[in-house]
Amino acid sequence: MPLSKTFSKHVTHPRKNVFVSLGVGLLFFLLFLTIATSVTWHKRDQRNDRLANYTGQFVLQTFNELSQTLSPLLAWTQSQCSAVSSDLTARAAFTSNVRAMLLVRDGQAFCSSATGAMDLNIHQIAAEVDWDKNIDITLVPGTPMLPEKPAIVFWLKDPQHPRSGVLTTLNVNLTPWLLLTSREPDIAGMAIATSRYALSTWNARVVESSALPASPLRTLTLPGYPIHILLYGDTLADRDVHMILLAAVLLWVLASLSTYLLLSLRASPGKEILLGIKRGEFHVDYQPVVNARTGETYGLEALMRWTHPTEGRIPPDAFINYAEGQNLINPLTRHLFELVARDAQQLSKALPKGTKLGVNLSPLHLNAPEFRTDVQNWIAAMPRDHFSYVFEITERTMVAESNAEAIFDWIHDRGIKIAIDDFGTGHSALIYLEKFKFDYLKIDRGFVQSIGRETVTSPVLDTVLNLARKLNLNTVAEGVETAAQANWLIDRGVTHLQGYFFSRPQSPDDLSAWLALQQPWPAFVELSKRG
Ligand code: C2E
Ligand code: CA
Ligand code: CA
């Protein structure tokens, strides 16, 4: 049987469980996201540092070696080209990446490793070169012999002679670097930049440095060389972000599901009821039933209460219905009997002998094989000869149980009275009034509360009360909340009254204290003063 709606609302809170589970999942999601992102970011950051260092070291080493190779050539800046050109050619040939080495005297390149003697102002080769600097580096879109191929121009000054030195053009090949970083998803490219020009891995041509994208990942300066190396990319590549997000979402789903399972297992309502019995979470409140003629306390109705440790008070309508559906009503009623027997000592001191004690019984229990022993055990546990008992049974019971008559006879044989509870809320109620032997008819509070509010219900109630009088049945009106309702009912011959107008259901302690002070009921005294 599906969980009773009310019960599930109060105990299992499936919606609450879903929210809690999703919340826990979200926590895992966020935690994972934060940790994974920062760990990955940190790892990538360290790798980028290593890559930048490596690149920087490599370029620095290249320039250092080049400077060393070129330094001896400075001695030739004042020589004749014919005297040194073959040496120059050999030097260039054995130095990697060199396109040409030019000897410069007084601003004029006069000897080339590639073409021998020449006469060309070096600013015609590289306009930017500053011959007053010991070392200057610039980029050119091409050289006279390879006008389409960008080159690095490296100037090494002859400290002895003004505007003299060695001007070397170098091939720039960034492909090896690209290969090196091809496995780094977060590295998009790199650029070599001088103050004016730049060459990048994504453009075959030299561009203005200002045209480079802003905010590179790393900017490296090489000590002693007027050149920068810039690394571009994201510390967290899209691929990383996607992977982390995917894993985090998976974790969310998993954590939510596990939490939900755990919660539903833990809060299995059936188990909760049995646990509640074991842990003593149930207690009984007692609501007085008042004699409509004298105003004296005629009896008590025992009403079960459940205070769940986390859910708080759970209405009996909810857990009783559920217990009936889950076959737990019998242990629950046995527990009720135990609790009532425990309270009975105290109650018997506060109430006179013969006080009626009403308990609500489920039709399922009534028909169970252990019902009779349960009742006998209970009566045996109660104070001897103090209370007389009333079993409150809804009319649903009579519809369901074929051997209801036999059970009723058995109950009556033990001197126990039977009240038909919630009268008027079931079907064909009137038939049962004749068929079964009841002692009390409890008028449902739904009827009572419509008194004075709905003109339509009162005639029905009138008819029922007339019938009850004719059948010589005691009538208990439950849910009496106002003096007007009480008056109306007393005027129509209702024999007993029960409701908040007199007293709410109370614990034995509260009830005993209350009873000691108010006999007969002040509310009733007020009533009896009316004309
Ligand atoms: P019921 O047998 O009709 O019990 C009367 C209900 O009306 C109680 O609700 C009581 O607190 C409430 N009531 C009494 N006077 C007033 C009033 O003036 N105004 C209003 N609005 N309500 C009033 P409670 O305690 O919530 O119990 C609800 C139902 O749960 C009971 O209806 C009964 O069917 C069931 N129940 C309670 N305890 C037990 C139990 O121990 N065993 C079984 N089988 N059922 C129980
Ligand atoms: Ca009742
Ligand atoms: Ca009722």
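How each quantity is defined
Residues numbered from 1 in each chain as written. Chains lettered and ligands numbered in written order. Predicted model: local features only at pLDDT ≥ 70, side-chain atom pairs only at ≥ 80, totals over all residues. Heavy atoms only, no water. 1 Å grid on protein atoms, 1.4 Å probe; cavity = no way out; pocket = protein on both sides within 12 Å on 5 of 7 lines; lining within 4 Å. Points joined across faces, edges and corners; volume = space filled by probe spheres on them. Helix = DSSP H or I, 4+ residues; strand = E, 2+ residues; numbered from the N terminus. Nonpolar A, V, L, I, M, F, W, Y, C, P; charged D, E, K, R; others polar. Domains from an automatic or database assignment. Pairing = 2+ DSSP bridges. Axes fitted to C-alpha atoms, helices over the stretch in contact; angles between N-to-C directions. Donors = N, O, S within 2.8 Å, 3.2 Å for Na, K, Ca; no water. Core = buried A, V, L, I, M, F, W, Y, C linked by side-chain atoms within 4.5 Å. Buried < 20%, exposed > 50% of the residue type's maximum accessible area, 1.4 Å probe, protein only. Contact = heavy atoms within 4.5 Å. Near = heavy atom within 4 Å. Polar contact = N/O pair within 3.5 Å; in protein donor to acceptor, adjacent residues only side chain to side chain. Areas by Shrake-Rupley, 256 points an atom, 1.4 Å probe, with all protein chains shown as cover. Sits in = over half its atoms within 2 Å of the grid points.

Q: I'd like a description of the layout of surface pockets, backed by residues and values.
A: Estimated volume of the largest pocket: approximately 980 Å³. Lining the largest pocket are 36 residues, with Glu301, Leu303, Asp317, Asn360 and Arg445 sitting closest to its centre. Those elements that place two or more of their residues in the lining of the largest pocket are β13 (297-308), α8 (316-325), α9 (329-350), β16 (388-394), β17 (417-423) and α15 (445-450). In the lining of the largest pocket, the residues fall into 14 nonpolar, 10 polar and 12 charged.

Q: Please provide a residue-by-residue account of the domain arrangement of the protein chain, values included.
A: Segmentation of the protein chain into domains returns domain 1 (80-171) and domain 2 (269-530). Using C-alpha coordinates to define each centre, domain 1 is positioned 113 Å away from domain 2.

Q: Tell me what's going on with the sheet that holds strand β9 (residues 203-208), and back it up with residues and numbers.
A: Read across the sheet, 5 strands follow the order β9-β8-β7-β11-β10 without closing on themselves; strand pairing throughout is antiparallel. On the outer flanks of this sheet lie β9 and β10 (218-222), each paired with one strand and no other. Across the sheet, the axes of successive neighbouring strands diverge by a mean angle of 20°, strand direction being ignored. Here 3 bridges tie strand β8 (residues 197-200) to β9, and the two strands are oriented antiparallel to one another. In the strand pairing of β9, Tyr197 is matched with Glu208.

Q: An account of the coordination of the calcium ion (ligand 3) is requested, with residue identities and associated values reported.
A: On the protein side, the calcium ion (ligand 3) has Asp422 (OD), Asp444 (OD) and Glu478 (OE) as donor atoms, found 1.9 to 2.7 Å from it. Within one chain, the residues serving as donors to the calcium ion (ligand 3) are arranged as D-x21-D-x33-E. Here the calcium ion (ligand 3) and the calcium ion (ligand 2) are spaced 5.5 Å apart. Taken together, the residues span a long stretch of sequence, with Asp422 in strand β17 and Glu478 in the loop between β19 (474-477) and α17 (483-491) at a distance of 56 residues.

Q: I'd like a rundown of the pairing of strand β3 (residues 116-121), residues and numbers included.
A: As defined by bridge partners, strand β2 (residues 108-112) adjoins β3 across 4 bridges and the pair is classed as antiparallel. The partner of Ala109 across the bridge, within β3, is Leu120. Taking the residues that link successive antiparallel strands as the turn, the β2-β3 hairpin has 3 residues.

Q: Quick rundown of the nonpolar core? Include the residues and the values.
A: Of all hydrophobic cores here, the largest spans 74 residues; its most connected members are Trp378 and Phe391. With 9 residues, the single largest contributor to this core is α9. Setting aside residues no more than four positions away along its own chain, Phe391 makes contact with Val359, Leu361, Phe371, Val375, Trp378, Ile411, Ile416, Lys417, Ile418 and Ala419.

Q: Describe in detail the side chain of Thr138, supporting the description with residues and values.
A: Structurally, Thr138 is set in strand β4 (residues 135-140). Not counting residues within four places of it along the chain, the set of residues in contact with Thr138 comprises Ala126, Glu128, Val129, Ala151, Ile152, Val153, Thr194 and Tyr197.

Q: Report on unusual backbone geometry, specifying residues and quantitative values.
A: Residue Asp106 is not a glycine yet carries a positive backbone phi of 55°. With phi around 65°, Asn327 is a residue other than glycine that occupies positive phi space. If you trace the backbone, Asn327 turns up in the loop between α8 and α9. Judged by its relative accessible area of 63%, Asn327 is exposed.

Q: For the sheet that holds β3, give the residues involved together with the corresponding values.
A: Read across the open sheet, the 6 strands follow the order β3-β2-β1-β6-β5-β4; overall the sheet is antiparallel. Looking at which strands have only one partner, the edges of the open sheet turn out to be β3 and β4. Shown here is a sheet whose adjacent strand axes are inclined to one another by a mean of 25°, direction ignored.

Q: Account for the site of ligand 1, naming residues and giving values.
A: Around ligand 1, 22 residues are found, and the nearest of them are Gln287, Arg305, Arg445, Glu481 and Tyr500. Between ligand 1 and Glu301 there is a distance of 3.2 Å, counted from an oxygen atom to a side-chain nitrogen or oxygen. Note that a nitrogen atom of ligand 1 is positioned 3.4 Å from one of the side-chain N or O atoms of Gln449. When ligand 1 sits alone it has 800 Å² of accessible area, and the protein chains cover 88% of it. Judged by the fraction of its atoms near the pocket grid, ligand 1 is located in the largest pocket. Elements with a contribution of two residues or more to the shell around ligand 1: β13, α8, β17 and α15. In terms of residue count, β13 provides more of the shell around ligand 1 than any other element does, 4 residues in total. Split by residue class, the shell around ligand 1 holds 8 nonpolar, 6 polar and 8 charged.

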